[in-house]
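# Architecture and fold: a report
One-letter residues, chain by chain:
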Amino acid sequence: MSQHSTSPFPPSHPPRARRRSIATTAGLAVVGLLLAGCGGGDGGLAPAEASPKTSTSAGGDEKVELRFSWWGSDTRHALNQEVIDLFTAEHPNITIVADYTSWGDYWDKLSTTVAAGDTPDVMMQEERYLREYATKGVVQDMSALTSLDLSGIEEEILSAGNFDDGQFGVPTGINTYAFVADPEVYAAAGVELPDDTTWTWDDYIEVTTAISANSPDGVYGAQDYGFNEPGFAIFARQKGEELYNPDGSLGFSKETLAEWWSMSLTLQDAGATPPATKSVEVENGGPEMSLVGTGQGGNSLFWTNQLGALTSAAGHELKLLRHPGEADGERTGMYFKPSMYYSISSTTEHPEEAALFVDFMLNDVEAGKIILSDRGLPANTSVREAVQESFTDVDKQSAAFLADLGPVIVDSLATPPVGSGEVVNIIKRINEQVLFRQITPEQAAEQFMSEVEQATS
Amino acid sequence: MSAPTELRSTTRTAGRRGRRGPATASEKRDAKAALFFLAPWAVGLVLITVGPITASLYLSFTDYSLLAPPEWIGLENYERMIDDPRLHTALAVTFRYVFISVPLQLIAALGLAMILDRGVRGLAIYRSMYYLPSLLGGSVAVAILWRQVFGTDGLVNQLLAFFGIQGQGWVSHPEYALGTLMILNVWTFGAPMVIFLAGLRQIPEMYYEAAAIDGAGKVRLFFSITIPLLTPIIFFNLVLQVINAFQSFTQAFIVSGGSGGPADSTLFFTLYLYQKGFGALDMGYASAMAWLLLGIIAALTAVNFFASKYWVFYND
């Protein structure tokens with residue numbers, strides 16, 4: 001296979017570069033620009049002007065079409081479709097178009113459709129974005145809608161979606177942020193499960209250090225807790241502070257946050273939590289790759305509605321534990337959080353029909369039996385009672401945990417300010433800097449406060 | 001898009017320029033046909049590329065949250081860039097990535113092209129094999145694979161353990177994470193390699209023969225014949241790969257889980273732009289960032305073209 005001999009000298013050759021006029025060079029530079037413009041398509045910069053939604057349907061007895069957007073797994077898509085079928089069977093004049101994506105893509109897609117003037121009539125919302133969507137007038141105050149009955153939901157839970165004199169989101173269900181312990185890791189290390197009604201943060205350090213010391217290499221007492229702000233919110237509340245004040249300003253002191261991060265370094269130094277690289281990796285892996293999910297650790301922090309995913313990843317029963325420091329703090333810090341919200345577009349042509357559908361998902365027992373604990377334990381207390389027996393063992397476990405917790409909880413968190421969607425990224429990045437000792441806990445606290453103030457101002 | 005096309009089209013333009021006069025009927029027919037075949041591309045260009053680019057220029061002067069109509073704020077977005085430490089981090093990360101990984105990638109591409117050019121049995125198979133990473137390199141699947149390979153329990157550490165070295169999580173360490181992405185970019189050397197291979201074929205064998213008779217060794221042949229005659233191709237690859245590297249997004253997005261972490265060590269410019277636009281819903285600022293990137297790439301490309309006068313040799 002002789003290559004050169006078979007290939008003749010190319011027939012045409014370019015003129016010398018020296019002869020090339022400036023114009024040609026400039027022309028090529030433009031080509032370069034276009035190449036730069038063409039490639040990628042990163043993140044879809046294409047904007048669209050917001051324009052009022054136009055629709056041909058006139059209302060009345062005519063057929064009504066609603067679009068319902070949500071994020072989630074395949075399981076959720078399937079059961080939402082069941083709920084939609086059940087609803088449309090009762091209301092034959094209403095059609096519901098299912099519009100779903102994964103969590104990661106949901107917010108990109110939702111903000112883009114809003115920009116395009118094509119806001120879904122009913123959508124799932126989350127606390128970190130709800131206020132933003134409400135202040136920009138994308139979602140409407142639902143308290144005036146007659147087809148929506150909110151009386152079945154406890155005031156304390158409902159209030160989380162109520163601000164600026166309006167009910168902009170209706171909680172779907174409740175959750176709490178708790179420690180998930182792996183009894184088998186405890187047993188293998190010969191460490192007793194703590195009494196979570198009395199344990200202190202010192203106990204936490206002691207217990208997790210003991211687990212690491214008495215476990216094989218690669219098994220740790222706990223997963224690092226510093227990547228998320230809910231854990232800190234609880235820690236601050238135990239000291240009588242808050243993450244956010246009701247007016248959206250920061251409600252904690254620099255010292256408290258620095259203390260929280262110092263403790264995380266203490267745990268790392270003691271070997272109770274993994275080295276920084278491992279912590280970052282585990283954090284990025286989600287519930288399935290968490291220490292508790294993989295049998296590599298004694299404790300991880302999660303929302304209670306993730307217990308199912310964690311349990312099936314671990315392959316055996318896990319135990320929910322209250323936060324340390326609940327008994328000896330100034331007050332208890334744990335809280336019920338609406339896991340998600342239903343919101344209705346402010347530009348929908350059919351607000352009452354949309355309200356009817358939300359009411360169905362919220363208050364109908366049959367719908368509740370399909371949804372079960374997919375969106376946290378049902379917000380409507382009578383629905384929660386009615387569907388209890390259909391729960392899986394894991395759901396029963398979290399239901400019991402939440403029921404026990406009820407009496408000790410003081411109040412829920414104030415709705416986070418506009419821009420708090422970014423806080424999750426800020427704290428993750430700063431925590432990485434802390435774990436790799438690029439900055440001290442004091443510097444980290446300062447940086448966090450200034451960045452969050454900037455993001456939420 | 002390949003080097004020979006570019007070279008040839010330049011020649012054609014030069015040829016046309018010489019003749020002036022009324023177009024003949026057949027030329028008119030050709031022009032109509034050309035317009036007809038260009039139409040789909042032109043429509044796409046206007047709607048999908050030029051339209052959005054123009055709109056983003058307007059948006060870069062506005063405060064735009066996507067949820068509410070944009071508000072004109074003049075140059076404020078551009079002024080904010082001056083005091084945005086994360087933007088500066090993103091620029092530093094991106095420049096380091098481009099200036100280290102692109103030269104390495106081109107060296108790898110040229111090296112392998114030289115080996116394959118020597119006439120290996122089953123060349124087509126090797127060529128395809130080495131080209132494959134170029135097709136896959138930007139994909140989500142490969143980025144996920146990368147995260148595994150360079151993870152704490154990944155392939156790399158298992159290899160190191162075999163030699164008795166205690167590894168660590170490479171993608172999750174701020175000092176090494178960017179390095180793993182550079183390796184990923186170098187690994188996708190297939191596309192420039194194929195172009196180099198084509199370029200090497202065009203160097204007439206007689207030059208080598210003549211030089212060999214004069215007593216030139218292999219190294220001398222490489223530096224005095226191969227490299228000078230290949231400079232137009234090197235130049236073409238350099239421009240293209242620099243532009244590509246500046247726009248890298250997927251790798252960092254997947255490997256860092258969208259954060260650009262650990263501790264912003266893989267915060268590519270495009271990734272930060274995405275975080276600003278869709279995470280912080282600050283689309284005005286993100287648009288301004290896009291124009292800054294466009295400006296940087298255009299300036300570098302212009303510098304590249306200017307500098308090429310001094311080192312690119314067009315043999316005629």
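For clarity, every value in this text was computed on a predicted model and none was experimentally measured.

When its secondary structure is counted, chain A shows 19 helices and 14 strands. Scored against the burial criterion, the 457 residues of chain A give a buried share of 46%. Within chain A, counting contacts between residues at least 6 apart in sequence, those at least 24 apart form 74% of the total.

Broken down by element type, chain B carries 14 helices and 2 strands. Taken along the three principal axes of its C-alpha coordinates, chain B extends 70 × 65 × 35 Å. In chain B, of all internal contacts separated by at least 6 residues, the share reaching a separation of at least 24 is 70%.

What follows covers helix α13 (residues 307–314) of chain A. Residue and element names in this part refer to chain A. Along α13, the positions that sit buried rather than exposed are L307, T311 and A314. End-on, the buried residues of α13 take up no more than an arc of 70°, which puts them together on one face. Immediately downstream of α13, the backbone of G315 shows phi near 85°, a positive value.

A word on the pairing of strand β8 (residues 177–181) of chain A. All names here are of chain A. Of all 5 residues in β8, 5 are buried; the element is thus mostly enclosed. With 5 bridges joining them, β8 and strand β10 (residues 297–303) adopt antiparallel strand pairing. Of the residues in β10, the one forming a bridge with A178 is F302. Two strands pair when backbone bridges link them, and β8 and strand β11 (residues 319–321) are joined in this way by 3 bridges, in the antiparallel orientation. Pairing of F179 across the sheet is with L321, part of β11.

Moving on, we come to the domain arrangement of chain A. Residues and elements named next belong to chain A. If you check the domain split of chain A, you get domain 1 (64–173 + 340–396) and domain 2 (177–334 + 419–456). Its C-alpha centre places domain 1 at a distance of 30 Å from the equivalent point of domain 2. At the junction of the two partners, domain 1 supplies 6 residues and domain 2 supplies 8 residues. Per element, the largest residue contribution to the side of domain 1 that touches domain 2 is 3 residues, and it comes from helix α5 (residues 127–135). Its residues assigned to classes, the side of domain 1 that touches domain 2 shows 2 nonpolar, 2 polar and 2 charged.

For helix α19 (residues 441–456) of chain A, spanning 16 residues, the distance from its first C-alpha to its last is 22 Å, which sits close to the expected 22 Å at 1.5 Å a residue. Tucked inside the fold, the buried residues of α19(A) contact α10 (254–269) and α18 (423–435) of chain A.

What follows covers the packing of helix α11 (residues 218–246) of chain B against helix α14 (residues 283–311) of chain B. Packed helix pairs are specified by the crossing angle of their axes together with the interaxial distance, meaning the distance between the axes. All names here are of chain B. Two elements in contact, α11 and α14, have axes whose closest approach is 10 Å; the angle formed by their N-to-C orientations is 170°. By the angle between their axes, α11 is roughly antiparallel relative to α14. Once α11 is placed against α14, the crossing between them reads as right-handed. On α14, the residues touching T231, F235, L238, V239, V242, I243 and F246 of α11 are L293, I297, L300, T301, N304, S308 and W311.

Residue and element names in this part refer to chain B. The N-to-C vectors of helix α13 (residues 269–279) and α14 enclose an angle of 160°; their axes lie 7 Å apart at closest approach. Between α13 and α14, the angle falls in the class roughly antiparallel. For α13 against α14, the interelement crossing comes out left-handed. When α13 is examined against α14, the residues F269, L273, K276 and G277 are found in contact with a partner set consisting of M283, Y285, A286, M289, A290 and L293. For the contact of α13 with α14, the per-class residue count stands at 8 nonpolar, 1 polar and 1 charged.

Turning our eyes to something else, we now look at the sheet that holds strand β13 (residues 341–344) of chain A. Strand pairing in a sheet relies on backbone hydrogen bonds, with the paired strands running either antiparallel or parallel. Pairing is mixed in the open sheet, where 5 strands are placed in the order β2-β1-β3-β13-β6 (chain A). Strands with a single pairing partner mark the edges of an open sheet, and in this sheet they are β2 (94–101) and β6 (170–171) of chain A.

Moving on, we get to the nonpolar core. In terms of nonpolar packing, the biggest core is built from 174 residues, with V122(A), V180(A), F357(A), V358(A), M361(A) and F196(B) touching the most fellow members. A per-element tally of this core places α11(B) first, with 12 residues. The residue makeup of this core includes at least three contributed by each of domain 1 (64–173 + 340–396) and domain 2 (177–334 + 419–456) of chain A.

The next subject is the sheet that holds strand β12 (residues 337–338) of chain A. Residues and elements named next belong to chain A. Taken in spatial order, the 3 strands make up an open sheet running β12-β7-β14, and their pairing is antiparallel. Either end of the sheet is taken by a strand with one partner, and the two such strands are β12 and β14 (377–378). Bridge analysis of strand β7 (residues 173–175) against β12 gives 2 bridges, and the strand direction is antiparallel. Along β12, the bridge assignment pairs I174 with P338.

Along the chain, the position of A298(B) falls in helix α14. When the C-alpha atoms of A298(B) and I243(B) are compared, they prove to be 8.9 Å apart, with 55 residues separating the residues in sequence.

Bringing the confidence of the model for chain A into the picture now. Confidence in the prediction for chain A averages 85 pLDDT; 87% of positions are at 70 or higher. Across residues 1–60 of chain A, confidence stays below pLDDT 50; counting only partners more than four residues off in sequence or on other chains, it has 94 contacts.

Attention now moves to the environment of V394(A). Residue and element names in this part refer to chain A. Relative to the helices and strands, V394 is located in helix α17 (residues 393–405). Looking at V394, the number of C-beta atoms within 10 Å reads 20, which means it is buried. Remark: the alpha-carbon pair of V394 and Q306, spanning 88 residues in sequence, is separated by 9.9 Å. For V394, the residues in contact, after removing those within four places along its chain, are L307, G308 and T311.

In this section: the confidence of the model for chain B. Residues and elements named next belong to chain B. Counting all residues, the mean pLDDT for chain B is 86, and 93% of those residues have values of 70 or more. Here residues 1–18 scores under 50 on pLDDT; set against residues more than four positions off or in separate chains, the count is 17 contacts. Scoring of the predicted complex yields 0.79 for pTM and 0.74 for ipTM.

What counts as what
- Residues numbered from 1 in each chain as written.
- Chains lettered and ligands numbered in written order.
- Predicted model: local features only at pLDDT ≥ 70, side-chain atom pairs only at ≥ 80, totals over all residues.
- Helix = DSSP H or I, 4+ residues; strand = E, 2+ residues; numbered from the N terminus.
- Buried ≥ 20, exposed ≤ 12 C-beta atoms within 10 Å, placed from the backbone.
- Contact = placed C-beta atoms within 7 Å.
- Arc of directions from axis to C-beta.
- Pairing = 2+ DSSP bridges.
- Domains from an automatic or database assignment.
- Nonpolar A, V, L, I, M, F, W, Y, C, P; charged D, E, K, R; others polar.
- Expected span 1.5 Å × (residues − 1).
- Axes fitted to C-alpha atoms, helices over the stretch in contact; angles between N-to-C directions.
- Parallel < 35°, antiparallel > 145°, perpendicular 65-115°, else oblique.
- Left-handed = near helix turned anticlockwise from the far one by under 90°.
- Core = buried A, V, L, I, M, F, W, Y, C linked by C-beta atoms within 7 Å.
- pLDDT = per-residue confidence, 0-100.

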